[in-house]
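# Per-entry structural report
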Amino acid sequence: KEVGGEGGRVLVVGDGPVEMRLGRSYGCLTLGVASDEKGGGEIDLDKRRRLIRAGARYVVGDYSELAVIAGLLGMVR
């Protein structure tokens, strides 16, 4: 409520369901990070499922493809 502007212009990034739920409840764009901390850049499928259930619109394993992520989020024209 206090971020100002429209929720669709706010990006919430996190690796936990709480951030995803709160972000979605305020109409924000949500990016979940489901990194496999042991697998080096792979997506942890259990984390991915939890993030999606909590409201993550997009899920990545890490930020190694930052240009692709930015394009997906509409941050690059």
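This is a predicted model, so every value here is computed, not measured.

### Some remarks on the sheet that holds strand β1 (residues 11–14)
In space, the 3 strands of this open sheet follow the order β1-β2-β3, with parallel pairing throughout. Bordering the open sheet on either side are β1 and β3 (58–60), each of which pairs with just one other strand. Put simply, the sheet's adjacent strands are angled 20° from each other on average, direction ignored. Relative to β3, strand β2 (residues 29–33) is paired through 3 bridges, and the arrangement is parallel. If you follow Gly-32 over to β3, its bridge partner there is Val-59. Of the strands in this sheet, β1 and β2 touch helix α1 (residues 17–25), which is tilted by about 170° from β1. Each of β1, β2 and β3 touches helix α2 (residues 45–54); the most contacted strand, β3, lies at about 160° to it.

Cut-offs and rules
Residues numbered from 1 in each chain as written. Predicted model: local features only at pLDDT ≥ 70, side-chain atom pairs only at ≥ 80, totals over all residues. Heavy atoms only, no water. Pairing = 2+ DSSP bridges. Helix = DSSP H or I, 4+ residues; strand = E, 2+ residues; numbered from the N terminus. Axes fitted to C-alpha atoms, helices over the stretch in contact; angles between N-to-C directions. Contact = heavy atoms within 4.5 Å.

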